[in-house]
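Here is how the chains run, residue by residue.
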Amino acid sequence: MELELSLIFMISTALALLCCPSTHGATAASPAPAPVPAPAPAPGPEFVNLTDLLTVAGPFHTFLTYLESTKVIETFQNQANKSDEGITIFVPKDEAFSSLKKPSLSNLTQDQLKSLCLFHALPHYYSLADFKNLSQLSPVSTLAGAQYSLNFTDESGTVHLSSGWAHTKISSSVHSTYPVAVYQVDKVLLPEAIFGTNIPPTPAPAPLPNIAPDGNAHAGPVGSKSSPTSSPRSSSSCRIAGLMSTWSQLALAVSGCLVLFL
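Reference entry: report on the structure contained in this document.

About the thresholds
Residues numbered from 1 in each chain as written. Predicted model: local features only at pLDDT ≥ 70, side-chain atom pairs only at ≥ 80, totals over all residues. Heavy atoms only, no water. Helix = DSSP H or I, 4+ residues; strand = E, 2+ residues; numbered from the N terminus. Contact = heavy atoms within 4.5 Å. Buried < 20%, exposed > 50% of the residue type's maximum accessible area, 1.4 Å probe, protein only. Phe/Tyr/Trp six-rings, centres within 6.5 Å; stacked < 30°, edge-to-face > 60°. Pairing = 2+ DSSP bridges. Axes fitted to C-alpha atoms, helices over the stretch in contact; angles between N-to-C directions. Salt bridge = Lys/Arg side-chain N within 4 Å of Asp/Glu carboxyl O. Core = buried A, V, L, I, M, F, W, Y, C linked by side-chain atoms within 4.5 Å.

What follows is about the environment of Glu68. Following the sequence through the fold, Glu68 ends up in helix H4 (residues 61-69). Residues Glu68 and Thr51 lie 17 residues apart in sequence; the distance between their C-alpha atoms is 8.8 Å. The contact partners of Glu68, leaving out residues within four places of it in the chain, are Thr51 and Ile73.

For the rest of this paragraph, the subject is unusual backbone geometry. In this structure, the amide linkage connecting Ser138 to the following residue, Pro139, adopts the cis form with an omega of 0°. Secondary-structure assignment places Pro139 in the loop between helix H8 (131-134) and strand E3 (140-142). Put simply, Tyr178 and Pro179 share a cis peptide bond, and its omega is 15°. As for its placement among the helices and strands, Pro179 is situated in the loop between strand E6 (167-177) and strand E7 (180-185). Even without a glycine there, the phi angle at Lys71 is positive, about 70°. The class for Lys71 is exposed, based on a relative accessible area of 52%.

This model, assessed by the stated rule, comprises 11 aromatic pairs. Aromatic side chains Tyr125 and Tyr178 sit 5.8 Å apart centroid to centroid with 90° between the ring planes, which places their arrangement in the edge-to-face category. Within this pair, whereas Tyr125 is found in the loop between strand E2 (121-122) and H8, its partner Tyr178 is found in the loop between E6 and E7, the two being separated by 53 residues in sequence. Its relative accessible area of 15% is what places Tyr125 among the buried residues. You can call Tyr178 partly exposed: its relative accessible area is 37%. The interplanar angle of 40° and the centroid separation of 5.5 Å between the aromatic rings of Phe131 and Phe152 together place this pair among those described as tilted. Of the two residues, Phe131 sits in helix H8 while Phe152 sits in strand E4 (residues 145-155), which places them 21 residues apart along the sequence. Both residues of the pair, Phe131 and Phe152, count as buried. Here the aromatic residues Phe90, Tyr126, Phe131, Phe152 and Tyr183 are joined through ring pairs into a cluster of three or more.

Attention shifts here to the sheet that holds E6. Taking strand neighbours across the sheet as the criterion, the seven strands line up as E2-E1-E7-E6-E5-E4-E3 in an open arrangement whose pairing is mixed. Of all strands in the sheet, those bounded by a partner on one side alone are E2 and E3. One ladder, built from six bridges, connects strand E1 (residues 87-92) with E7; its direction is parallel. Residue pairing in the sheet places Pro92 in a bridge with Val185 of E7. Sheet contacts for helix H3 (residues 50-57): E1, E6 and E7; angle to E7, the most-contacted strand, approximately 30°.

For side chains bearing opposite charge, pairing can occur when the charged atoms are close. Scanning the model with the defined rule gives one salt bridge in all. Two residues, Lys93 and Asp186, come together in a salt bridge whose shortest N-O distance is 3.9 Å. Here Lys93 is found in the loop between E1 and helix H6 (94-98), whereas its partner Asp186 is found in the loop between E7 and helix H9 (192-195), with 93 residues between them in sequence. Looking at Lys93, the relative accessible area reads 21%, which means it is partly exposed.

Formed by 49 residues in total, the largest nonpolar core has its most connected members in Phe76, Ile89, Phe90, Phe131 and Phe152. With five residues, the top contributor of residues to this core is E7. Excluding anything up to four places from it in sequence, Phe131 contacts Thr88, Phe90, Tyr126, Phe152, Asp154, Val159, Ile170 and Tyr183.

Okay, here's the thing in structure tokens:
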């Protein structure tokens, strides 16, 4: 009898376990949490077409012609959009090339023209605010190489450049957004590595014009020539004195003759 009760209890317990799901089973059957989406990648730097920029931005046609003929425009474009450093370009106006007399660019070889163009760029992006610290690191190498360097000075916010042959300043910012900075300069940058170190001296400033003397000014010091105003008076005095001397001599002669006859 006890065996039958035990068997009935075991069967009842087994049926109860099968009919009522356990907590462990419910937890295992719950759905897995949804995966957290990965953050969107940061947008890359803006692509800048340097040919279009220099064509539209200002009177830079001469410099752009040199860049295209030497293929340097491709070097600038790759540095701008295919490197993490960016690029800084100093662009002379057309007037800077037309006013350049000596030295002339017409006698340069193709390799020298290429180096001249590369000399107008730095292999790094610099905003105008960066030049204050850059002036303390001068000379700074350009894209043309270590021997083609520029000196920078910051004078009250105005950036001055010196290449030995040329001294100029940044006159305006054409484009200044990473990775490309383009600044206008008033002169062509001429490297000493091409044109040598025999730099002609800077011409002295023109002398001030002479100021004409006032018409009412007095005559000069003693010993100088008499003015035309005083010369008629002097000559008249001399004539009167001569006439008086002549009459005196005639009077004495007449008086002598009368004494003899008397």
